[in-house]
Amino acid sequence: MKAQCSCGAVSLKVEHDSHAHGRQCGMYRIQGGSAYFAVDAIGMPQLTGSGYIA
């Protein structure tokens, strides 16, 4: 899985087990502001552009 910010300065790449976990009940929406989504990573994610994260 690959992701990047809107300007492309920061990117993330992670291998995962193909199982996505999601929740969208009221508790998660209140705590996080939206639905919850996660995958189980296999190994450490690769992050580039960390100097642009404040």
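Small disclaimer: the values here were computed from a predicted structure and weren't measured. (Residues numbered from 1 in each chain as written. Predicted model: local features only at pLDDT ≥ 70, side-chain atom pairs only at ≥ 80, totals over all residues. Heavy atoms only, no water.)

> I would appreciate a short explanation of the overall build of the chain in the present structure.
Tallying secondary structure elements over the chain gives 1 helix and 5 strands in all. Mapped in sequence order, the helices and strands of the chain form the string β-β-β-α-β-β. Taking 54 residues into account, the globule formula puts the C-alpha radius of gyration at 10 Å, and the chain, at 13 Å, lies well above it. Its C-alpha atoms give the chain principal-axis dimensions of roughly 35 × 25 × 15 Å. Summed over all atoms, the accessible surface of the chain reaches about 4,500 Å², with 55% contributed by carbon and sulfur. (Helix = DSSP H or I, 4+ residues; strand = E, 2+ residues; numbered from the N terminus. Rg over C-alpha atoms; globule rule 2.2 N^0.38 Å. Areas by Shrake-Rupley, 256 points an atom, 1.4 Å probe, with all protein chains shown as cover.)

> Hey, could you run me through the sheet that holds strand β2 (residues 11-13) in this one?
The strands making up a sheet are joined through hydrogen bonds of the backbone, oriented either antiparallel or parallel. An order of β1-β2-β5 is seen for the 3 strands of this open sheet, with the pairing classed as antiparallel. Every interior strand has two partners, whereas the edge strands, β1 (2-4) and β5 (46-48), have only one. Within this sheet the neighbouring strands show an average axis-to-axis angle of 15 degrees, counted without direction. Relative to β2, β1 is paired through 3 bridges, and the arrangement is antiparallel. Counterpart to Ala3 in the pairing with β2 is Leu12. (Pairing = 2+ DSSP bridges. Axes fitted to C-alpha atoms, helices over the stretch in contact; angles between N-to-C directions.)

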